[in-house]
Amino acid sequence: MSIVLTHAYYLYEDSKEQLIMKPYAPLGLLYISSYLNENAVENHVYDSTFYSKEKQLAYIAKKQPEIIAIYTNLMTKINVIALVKILNSEEKYGFPKIILGGPDVTYNCEDYLNTGVDFLIIGEGEQTTLELYKAIINNEDYSKVSGIAYLENKELKKTLPRIKMKDLSELPLPNRAAIPVEKYLDTWKTYHGKSSMTISTQRGCPYTCKWCSTAVYGQSYRRRPANKVAQELKILKDTYKPDSVWFVDDVFSVSHKWIKNFHKEAIKQDAIIPFECITRAERLNDEILQLLKEAGCFRIWIGAESGSQKIIDAMDRRVDVNVVKEAIQKTNAMDIETGTFIMVGYPGEDETDINQTISYLKAANPTHFTITVAYPIKGTSLYNEIEGKITVQPNWETSTDRDIDFERTYSRKYYDYAVSRIVNEVNVYKNNHGRVKKYKLKLKSILSLALMKYHKI
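This structure is a prediction, so every number in the text was calculated from the model and none was measured.

Further remarks concern helix H9 (residues 256-268). For H9, built from 13 residues, the straight-helix expectation of 18 Å at 1.5 Å per residue is met to within 8% by its first-to-last C-alpha distance of 18 Å. Among all positions in H9, only His256, Trp258, Ile259, Phe262, His263, Glu265 and Ala266 are buried. Taken from the residues just after H9, aspartate 270 is the one with a positive phi, measuring 50°.

This is the structure in structure tokens:
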């Protein structure tokens, strides 16, 4: 009995993603594939990134798998539901058992199961997928499989939570041979001048930011041994020769001991590839910055989310905005690029907070920054706080949590224009623009400010 592992991200059908053109391999599925391979379970990965839904369906029709496991998240949810309905309605696909996993299923169990899904995997997928696969093929009692949800006589059933894998050294390397890696490398090279790949070194996050979802890995900290990570880097370096690597971990330098071991192993194994990572400001110091640089780090994303201490505290970020600012400045001084994340429209944010964010970005002067309007992900503390103040709750099947709106200090339109105001005002301040460009940016900033005031109420 075979199982197909797939997702529903179609790069060439998403106009927004085509403007970015930074696709990354579906690591979660590739870890599950390797784990199944280790346990002698026939599996096939269909990476839909560079293909269409029609080609994906043609593959499924040809393969006729008994089980299809689909990864879903905020970005792909609508596509996943459409895919599930097709598989359940057309005989040519063989009516396979459908399993869904990913961060979006944990707090939307009944909604997903009511679309025709047979099982949900809640949390980490490797062990659960294997056990559920065996239960299906052997017609065993599903209730004995930890970490799943399903409907029984139209009633939601959840089994005992899966105990998280403590020793990540037990994980095999992700099955990258199952996907068209060269397509990823070529796309990055074509649109950004250098290729990039991803590596995961840890699971879980010990921090408590209210807007962040921990639905899959939980509020924990588990790490792969540094020597194993260096071995993976060396394999990528020799096999695929990427120009850079993106460590997808939430807080790369959370453990200074691990960073010191990683630095030693990367040099020892000749495994250095230029890389970028995310961390928290208070987990950086002069020594760690130097070790990261020597190990190949060329860019560090240092989270702040706001330039207002009031908003940072409301988010339960547990960091001083000045510590973040100084960490970015210090990283810049070491010739390591910096990035930071900004969120506007958080509950309680007002005009003063936005002006403080502009001042913070000018003073910190990160090389890059991204900015978004806050939205509540179901299951997070933020969602729980604003649930009674939701003003827009669109149809679940045709929308995502990004489309939910709630009572804010000002209108949603105000914060949309605040994004434009911040971006243009900060870019005026940077020294990498000519006079004409700066003039245009300033005009956009002034216009955005006027529109903010118009939509303030």
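Once the structure has been displayed, the description carries forward.
A separate point is the sheet that holds strand S4 (residues 97-101). One open sheet holds the seven strands; their spatial order is S2-S1-S3-S4-S5-S6-S7, and the pairing between them is mixed. Edge positions in the sheet fall to strand S2 (43-46) and strand S7 (155-158), since each of these pairs with one other strand and no more. Strand-to-strand, the axes of this sheet are offset by a mean angle of 20°, without reference to chain direction. Relative to S7, strand S6 (residues 148-152) is paired through four bridges, and the arrangement is antiparallel. Paired with glutamate 152 across the two strands is glutamate 155, which belongs to S7.

Relative orientation of the contacting elements helix H12 (residues 321-333) and helix H13 (residues 351-364) amounts to 30°, with a least axis distance of 9 Å. With respect to H13, the element H12 is oriented roughly parallel. Along this stretch, H12 crosses H13, giving a crossing that reads as right-handed. Only Tyr360, Ala363 and Ala364 of H13 make contact with H12, whose side of the interface consists of Val321, Val324, Lys325, Ile328, Gln329 and Asn332. Its residues assigned to classes, the contact of H12 with H13 shows six nonpolar, two polar and one charged.

A regular strand places its side chains on the two faces of the sheet in alternate fashion. Burial along strand S11 (residues 244-247) is two-sided: Ser244 and Trp246 facing one way and Val245 and Phe247 facing the other are all buried. In this structure, S11 lies alongside strand S12 (residues 275-279), joined through two bridges in parallel fashion. In the sheet register, valine 245 faces S12, and the bridge partner there is phenylalanine 275. Read as a crossover between parallel neighbours, the route from S11 over H9 to S12 is right-handed.

Among the nonpolar cores identified, the biggest contains 89 residues, and Phe247, Phe252, Phe262, Phe275, Leu292, Ile300 and Tyr360 are the most heavily contacted of them. Dropping the residues within four chain positions of it, tyrosine 360 is found in contact with Ala304, Ser306, Gly307, Val321, Val324, Lys325, Ile328, Thr340, Ile342 and Asn365.

So, how was this worked out
Residues numbered from 1 in each chain as written. Predicted model: local features only at pLDDT ≥ 70, side-chain atom pairs only at ≥ 80, totals over all residues. Heavy atoms only, no water. Helix = DSSP H or I, 4+ residues; strand = E, 2+ residues; numbered from the N terminus. Expected span 1.5 Å × (residues − 1). Buried < 20%, exposed > 50% of the residue type's maximum accessible area, 1.4 Å probe, protein only. Pairing = 2+ DSSP bridges. Axes fitted to C-alpha atoms, helices over the stretch in contact; angles between N-to-C directions. Parallel < 35°, antiparallel > 145°, perpendicular 65-115°, else oblique. Left-handed = near helix turned anticlockwise from the far one by under 90°. Contact = heavy atoms within 4.5 Å. Nonpolar A, V, L, I, M, F, W, Y, C, P; charged D, E, K, R; others polar. Right-handed = clockwise from strand over helix to strand, strands pointing away. Core = buried A, V, L, I, M, F, W, Y, C linked by side-chain atoms within 4.5 Å.

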